[in-house]
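The chain contents come next:
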Amino acid sequence: MPNSSDDPLAPHAHEPNPDPPSSDASFMVQLSDGRCLGCSPELLKSLPRSVSANVFIVSTGHGTSGPFRFEGVTLADFMAFLGLGEAFSKLEIVSEDGFGTRVTKGELEKNDPLSPILLADRIDNRPLSRRAGLLRLIVPSERDDALRQVKWVYRIRLLI
Ligand SMILES: Nc1nc2c(c(=O)[nH]1)N[C@H]1C(S)=C(S)[C@@H](COP(=O)(O)O)O[C@H]1N2
Ligand SMILES: [Mo]
């Protein structure tokens, strides 16, 4: 019988990984037919910019840090820029270390303009370092265990 514990993206206890899996912050968007588009964080600099302020990173093992002001491009704007805004019902956002989460289209549609779901490349008015997670997915509504705050985004996969 399928068990949610077989799914690494289901809620689970997790010790945060402090070390980037690589030095290269390139990432890819994987279409539902398997094809991949290569992307670089540079691309985000030329897109409409958004901010999520008052974000807390709540580690169950190491306490809470923040509030932070994360800046970047909303995940919704990024997918629309690629012309893929209607091409999925869910997105799977994973790092090379296997950590990840899923975001539904419904969540993107009801994005709070004051705290949207972001692909963040800046924190507190400074560039986000690779060590701190470049690119980092920020899901401001998650305030329990940081299990959706994906550091080192490596692949955004479209699920239909
Ligand atoms: N890629 C990746 N992202 C991750 C993790 C991880 O292990 N790998 N750990 C998560 C957990 S459990 C926590 S508490 C936070 C820690 O974020 P920080 O290192 O910025 O404090 O990152 C989250 N994002
Ligand atoms: Mo955590």
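Structural data are supplied above this passage.
Residues numbered from 1 in each chain as written. Chains lettered and ligands numbered in written order. Predicted model: local features only at pLDDT ≥ 70, side-chain atom pairs only at ≥ 80, totals over all residues. Heavy atoms only, no water.

A. Layout of the packing of aromatic side chains. Enumeration according to the criterion identifies two aromatic pairs in this entry. Ring geometry for Phe-27 versus Phe-78: centroids 5.8 Å apart, planes at 45°, classification tilted. Taken together, the residues Phe-27 in strand E1 (residues 27-30) and Phe-78 in helix H2 (residues 75-81) connect sequence positions 51 residues apart. Phe-27 gets classed as buried once you look at its relative accessible area, which sits at 3%. (Phe/Tyr/Trp six-rings, centres within 6.5 Å; stacked < 30°, edge-to-face > 60°. Helix = DSSP H or I, 4+ residues; strand = E, 2+ residues; numbered from the N terminus. Buried < 20%, exposed > 50% of the residue type's maximum accessible area, 1.4 Å probe, protein only.)

B. The arrangement of the site of ligand 1 in detail. In the neighbourhood of ligand 1, 14 residues make up the surrounding shell, with His-14, Asp-97, Arg-136, Gln-149 and Lys-151 lying closest. At 2.8 Å, a side-chain N or O of Asp-97 approaches a nitrogen atom of ligand 1. Measuring from a nitrogen atom of ligand 1, one finds a backbone N or O atom of Gln-149 at 2.7 Å. Surface burial for ligand 1 is 86%, taken as the share of its 540 Å² of free accessible area covered by protein chains. Assessed atom by atom at 2 Å from the grid points, ligand 1 resides in the largest pocket. Classifying every residue of the shell around ligand 1 by side-chain character gives five nonpolar, five polar and four charged. (Near = heavy atom within 4 Å. Polar contact = N/O pair within 3.5 Å; in protein donor to acceptor, adjacent residues only side chain to side chain. Areas by Shrake-Rupley, 256 points an atom, 1.4 Å probe, with all protein chains shown as cover. 1 Å grid on protein atoms, 1.4 Å probe; cavity = no way out; pocket = protein on both sides within 12 Å on 5 of 7 lines; lining within 4 Å. Sits in = over half its atoms within 2 Å of the grid points. Nonpolar A, V, L, I, M, F, W, Y, C, P; charged D, E, K, R; others polar.)

C. The side chain of Gln-30, seen in detail. Within the secondary structure layout, Gln-30 lies in strand E1. Within the local environment of Gln-30, its side chain forms a polar contact with the side chain of Arg-155, the two groups lying 3.4 Å apart. Not counting the four nearest positions on each side in its chain, Gln-30 is found in contact with Arg-35, Cys-36, Arg-155, Ile-156, Arg-157 and Leu-158. (Contact = heavy atoms within 4.5 Å.)

D. View of the nonpolar core. Among the nonpolar cores identified, the biggest contains 39 residues, and Phe-70, Leu-75, Phe-78, Leu-137 and Ile-156 are the most heavily contacted of them. Of all the secondary-structure elements, those providing two or more residues to this core are E1, strand E3 (50-59), strand E4 (63-74), H2, strand E5 (90-95), strand E7 (118-123), strand E9 (136-138) and strand E10 (153-159). In terms of residues, this core owes the most to one element, E7, which gives four residues. (Core = buried A, V, L, I, M, F, W, Y, C linked by side-chain atoms within 4.5 Å.)

E. Quick peek at unusual backbone geometry. With an omega of 5°, the peptide bond between Gly-66 and Pro-67 qualifies as cis. Positive phi values are uncommon outside glycine, yet Ala-146 reaches one of about 60°. Its location among the elements puts Ala-146 in the loop between E9 and E10. Given the relative accessible area of 15%, Ala-146 is considered buried.

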